[in-house]
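Coordinates in review
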Amino acid sequence: MSTKEKIQEEVDVLEMESTENHIVLFNDDVNTFDHVINTLIYACDHTPEQAEQCSILVHYKGKCTVKTGAFEELKPRCSMLLDAGLSAEIH
């Protein structure tokens, strides 16, 4: 396999991976860390550690990807986040 073919194969794989959707959670000044953590555990099947790390990232960075996958899988999860009063979008 030539170098050109190998590079093209890597690009093709990266393009396939980038078609996956993700839920982005945004920071707000309303919800507590505990509420965000508990909601991520419930809605996104996070472990307590994952949820805590995501809540810290959202707080300091303004946003964080909290779940990736097919749109059909993410839509109900994003709805649960929104119903809990969090700010989230599917990208």
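The shown structure was predicted, so the numbers you read here are calculated from the model rather than taken from an experiment.

Calculation rules
- Residues numbered from 1 in each chain as written.
- Predicted model: local features only at pLDDT ≥ 70, side-chain atom pairs only at ≥ 80, totals over all residues.
- Heavy atoms only, no water.
- Helix = DSSP H or I, 4+ residues; strand = E, 2+ residues; numbered from the N terminus.
- Core = buried A, V, L, I, M, F, W, Y, C linked by side-chain atoms within 4.5 Å.
- Buried < 20%, exposed > 50% of the residue type's maximum accessible area, 1.4 Å probe, protein only.
- Contact = heavy atoms within 4.5 Å.
- Patch = residues over 30% accessible without salt bridge, like charges linked within 9 Å, V, L, I, M, F, W, Y side chains within 5 Å.
- Areas by Shrake-Rupley, 256 points an atom, 1.4 Å probe, with all protein chains shown as cover.
- Salt bridge = Lys/Arg side-chain N within 4 Å of Asp/Glu carboxyl O.

Before going further, it helps to examine unusual backbone geometry. Despite not being glycine, Asp45 has its phi angle at roughly 60°, a positive value. Mapping Asp45 onto the fold places it in the loop between helix H2 (33–44) and helix H3 (48–61).

What follows deals with the nonpolar core. Core analysis: the biggest nonpolar cluster contains 17 residues, and Ile23, Leu25, Leu40, Cys44, Val66, Leu81 and Ala88 have the highest contact counts within it. Contributions of two or more residues to this core are made by strand E1 (21–26), H2, H3, strand E2 (63–69) and helix H4 (71–83). What Val66 contacts, discounting residues up to four positions off in sequence, is Ile23, Leu25, Leu40, Cys44, His46, Cys54 and Leu81.

Below, the discussion takes up a nonpolar patch on the surface. Residues Phe33, Ile56 and Tyr60 make up a contiguous nonpolar surface patch of roughly 340 Å² in combined accessible area. Of note, Ile56 is situated in helix H3.

Distances and angles like these do not, on their own, reveal function.
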